[in-house]
Amino acid sequence: MIAALRCVIQRDLLLAARRSSDVMTVVLFFVIVVSLFPLGIGPEPKLLRTVAPGVLWVAALLASMLALGRVFASDHADGTLEQMMLGATPLGLIVAAKVFAHWFVTGLPLVLISPVLALQFDLPQELLGVLVVSLALGTPVLSFIGAIGAALTLGLRGAGALLALLVLPLYVPVLIIGAGAAEAAAAGLGGSAQLLILGAMLIVAAAFAPWAAAAALRISVE
Amino acid sequence: MQTSLEAIDLRCVRGERSLFQGLSFTLKGGELLRIGGPNGSGKTSLLRITCGLLEPDQGEVRWGGESVRRLKEEFWARLLYLGHANALKDDLTASENLKIACALAGVVVDARRVTEALARLGLAGRENLPARVLSQGQRRRVALARLALGEAAALWVLDEPFTALDAAAVEDVRSLIAGHVSRGGGVLYTTHHEVSIAAAVSRRIDLGGGQG
Amino acid sequence: MSINWFKYSSPQTFFPLAGKLALVFGALAVAACAVGLYLGFFVAPTDAQQGESYRIIFIHVPAAWMSMFLYVVMAFWAAIGLAFNTRLSGMMASATAPTGALFTFIALWTGSLWGKPAWGTWWVWDARLTSELILLFLYFGFMALQAAIDDPRRADKAGALIALVGVINVPIIYFSVKWWNTLHQGASVSLTKSPTMAATMLTAMLVMIFGFWFYGIAAVLLRARCIMLERERGTEWAVQYAKEAVA
């Protein structure tokens, strides 16, 4: 069973590596969206410093959502998904493995590039650490929750917009806590409370979301 | 291995039409069951209901006396299903694809057996080509190479296994199926081709053109 | 007295019952709303702080209550449908969503109307209004998902799943929004602080809640009847009903 899961992760990472343009698209989207904000609200440094955590979080959230449609789509199209459903490994575990691989390829790059973008907003050094950790904990939660939406909208017309509508309300708590971590740190309260909550969210999401997504996949494939 | 498939009073409604109802059959080890019928008569739906991918509107499918939808992985570990789609990744090579298909099914294989299986289906020398460059028929054969590694699965459910194959490949698949049946496995399949397969018990059920 | 609960679990038997109940509750709703609105707009005293404009609370608060209550009801039907695989539960869940969304919209709209004379802005990002907005998105998501799926059974199950995921998240969303609101409090005063309640105000509010509740029941049952007719249009009883209705 572990062999099957390792196989799934390896396969998804290999496929992503052979189609690296998909990864770049997500990162570029993140960078562009973040760069748009100063153009929209003005370059005043104090303002930018205040909005930086929120802007980076919203941009990461949108970029992550952009990539979600692809978690199950190609497997569904070529029939691999059905084979996964009829395999010896429980579908929930396979979904967890796929979501992890998906986050590794679409979420982790955002986390890694966020400090560079935060510097664009002149975010103080002390807050950079909190921001990066909040994204590192939060983006997997977004991937796990988003997988449920991706599974439900599999193969539907207008799946992209529908996925956004389904998933954004569920993202709100993660966004509030995630952005709140750096904001609390900026206010001198330290972001550890929020980071702990994010950690708890990650554990709960990792434990429950794959099974909900597996149930959704079975519903979608009927 | 024990093959004991039982379909009880199955009914399938797609859209407004009732494709079939009151359909019951059994499949034991060493038996071959062919589902026939015109296009759109519900053959694929019946196969998917048997696998547990689709829920019937009425009735149930049982494996060893227990409902297939309750058994889940226990049943699926003994099942080999090949549908219309090949389940191949364009960016992976033929042998990579086959290795992954086996891993997902819980079948342990090494590189040598994978190469042998591909050769069995006439793909010797093409193992390391990406699936993208293979022809339609060759891709189907990569998918069917699973059969050469499928002894562990007591039940084979094959949806149109002979489609898009040339005569040599049809013969390869025919012999694989016959071999499985002679070893005591059960095979449930549909096909438009008239291929005679030697089996201890060979039956055929034809679905009507839709009722109601 | 033993009630055969399963007698009404098929659309065929539930259809006529739903019709009768809808009439009864519809009449009750009109009566309750009339009494409630009279009490609220004419009998209840003027508020010391907000004057007459506070009276919108008699619509705003009951609507907000119903919006949340109906989401839970919808999730309940969704859970039943998934657990017992009954068609009628799915129909009830689908019937509940639009009425729930309507109440959410009314709550948002009246909240906005309340905010303008009270605080000077058309929108206040306070905890309740923001949570209501997200609840509206949850309702829209449910309805949009069902609308996008052609197969009714897949639509029922998919909707049920998102409704259940949503209902688990509603408390999480509410508390995180509340926390967010207190963090960013600043100068804005909360809209959720209702004026101190005189007895008549409380009575009027309660009567309005009942009025909206009865309306909700009647509207959902009527919509459920339409859904039943549409889904079961191939069956004998539906064809029979349609013939009689036309004759």
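This section reports on the structure supplied with the text. What you are looking at is a predicted structure, and each value in this text was computed from that prediction instead of being measured.

So, on to the overall build of chain A. Secondary structure summary: chain A contains ten helices and zero strands in total. Computed over the C-alpha atoms, the radius of gyration of chain A is 18 Å, within 12% of the 17 Å expected from 2.2 N^0.38 for a compact globule of 222 residues. The principal-axis extents of the C-alpha atoms in chain A amount to approximately 55 × 30 × 30 Å. Within chain A, buried positions represent 52% of all 222 residues. Across chain A, contacts joining residues at least 24 apart in sequence account for 80% of those joining residues at least 6 apart.

Across its full length, chain C holds seven helices and zero strands. Reading the helices (α) and strands (β) of chain C from amino to carboxyl end gives α-α-α-α-α-α-α. Taking the principal axes of the C-alpha coordinates as reference, chain C spans close to 60 × 40 × 40 Å. Going through the 247 residues of chain C one by one, you find that 41% of them count as buried.

Turning our attention to the interface of chain C and chain A. In this complex, chain C contributes 22 residues to the contact, which on the side of chain A involves 22 residues. If you list the elements that add at least two residues to the side of chain C that touches chain A, you get α4 (127-148) and α5 (152-183) of chain C. Ranked by residue count, the leading element in the side of chain C that touches chain A is α5(C), at 13 residues.

Residues and elements named next belong to chain A. Taken together, the buried positions of helix α4 (residues 70-78) are Val 71, Phe 72 and Asp 75. For α4, the buried positions fall inside an angular range of 65 degrees around the axis, keeping them on one side. Looking at the buried residues of α4, the elements they touch are α3 (45-68), α5 (80-85), α6 (91-106), α8 (125-152) and α10 (192-221). Following α4 by one or two positions, Gly 79 adopts a phi angle in the positive range, close to 90 degrees.

Attention shifts here to the sheet that holds strand β3 (residues 31-36) of chain B. All names here are of chain B. Across the sheet, five strands lie side by side as β6-β7-β8-β3-β9; this open sheet has parallel pairing. Edge positions in the sheet fall to β6 (79-82) and β9 (201-206), since each of these pairs with one other strand and no more. Direction aside, neighbouring strands of the sheet carry axes that sit 10 degrees apart on average. Both β3 and β9 contribute to a ladder of six bridges, which runs parallel. Across the sheet, Ile 35 pairs through a bridge with Ile 205, a residue of β9.

Residue and element names in this part refer to chain B. Secondary-structure assignment places Ala 117 in helix α5 (residues 111-120). Distance in space between the C-alpha atoms of Ala 117 and Glu 55 is 33 Å, their sequence separation being 62 residues. The contacts of Ala 117, once residues within four sequence positions are left out, are Leu 98, Ala 145, Ala 148 and Leu 149.

Below, the discussion takes up the packing of α3(A) against α8(A). All names here are of chain A. In contact at an axis separation of 10 Å, α3 and α8 are set at 35 degrees when each is read in the N-to-C sense. Judged by the sense of rotation from one axis to the other, the crossing of α3 with α8 is right-handed. Contacts from Pro 53, Leu 56, Ala 60, Leu 61, Ser 64, Met 65 and Leu 68 of α3 reach α8 at Leu 131, Leu 135, Thr 139, Leu 142, Ser 143, Gly 146, Gly 149 and Ala 150. Along the lines of polarity and charge, the residues of the contact of α3 with α8 split into ten nonpolar, five polar and no charged.

We now examine the sheet that holds strand β4 (residues 58-63) of chain B. Residues and elements named next belong to chain B. One open sheet accounts for four strands, arranged β2-β1-β4-β5; its pairing is antiparallel. Each end of this open sheet is capped by a strand with a single partner; those strands are β2 (17-28) and β5 (66-67). When β4 meets β5, the two strands line up antiparallel, connected through two bridges. Opposite Trp 63, over in β5, you have Glu 66 as the bridge partner. Lying over the sheet, helix α1 (residues 43-51) contacts β1 (4-14), β2 and β4, oriented at roughly 130 degrees with respect to β1.

This paragraph deals with the pairing of β4(B). Residue and element names in this part refer to chain B. With five bridges joining them, β1 and β4 adopt antiparallel strand pairing. Pairing of Leu 5 across the sheet is with Trp 63, part of β4. Linking two consecutive strands that pair antiparallel, namely β4 and β5, is a turn of two residues; a positive phi of about 60 degrees is found at Gly 64 within it.

Time to look at the environment of C:Thr96. Residue and element names in this part refer to chain C. The residue Thr 96 is located in helix α3 (residues 87-119) in this model. Thr 96 sits 19 residues away from Trp 77 along the chain, and the two C-alpha atoms are 9.2 Å apart. If near-sequence neighbours (up to four positions away) are discounted, Thr 96 is found in contact with Leu 70, Val 73, Met 74, Trp 77 and Val 220.

Residues and elements named next belong to chain A. Interhelical geometry of α3 versus helix α7 (residues 108-120) gives an angle of 145 degrees and a closest axis separation of 11 Å. Considering the relative orientation of α3 and α7, their crossing is right-handed. Across the interface between the two elements, Ala 52, Leu 56, Ala 60 and Ala 63 from α3 touch Leu 110, Ser 114, Leu 117 and Ala 118 from α7.

With that settled, consider the environment of B:Glu127. All names here are of chain B. Position of Glu 127 among the secondary structure elements: in the loop between α5 and α6 (136-148). Exposure remark for Glu 127: the 20 C-beta atoms within 10 Å place this residue in the buried category. Ignoring anything within four residues of it in the chain, the contact list for Glu 127 reads Thr 93, Ala 94, Ser 95, Thr 115 and Leu 118.

Reading the values: the criteria
Residues numbered from 1 in each chain as written. Chains lettered and ligands numbered in written order. Predicted model: local features only at pLDDT ≥ 70, side-chain atom pairs only at ≥ 80, totals over all residues. Helix = DSSP H or I, 4+ residues; strand = E, 2+ residues; numbered from the N terminus. Rg over C-alpha atoms; globule rule 2.2 N^0.38 Å. Buried ≥ 20, exposed ≤ 12 C-beta atoms within 10 Å, placed from the backbone. Contact = placed C-beta atoms within 7 Å. Arc of directions from axis to C-beta. Pairing = 2+ DSSP bridges. Axes fitted to C-alpha atoms, helices over the stretch in contact; angles between N-to-C directions. Left-handed = near helix turned anticlockwise from the far one by under 90°. Nonpolar A, V, L, I, M, F, W, Y, C, P; charged D, E, K, R; others polar.

Keep in mind that these numbers describe shape and distance, not what the molecule does.
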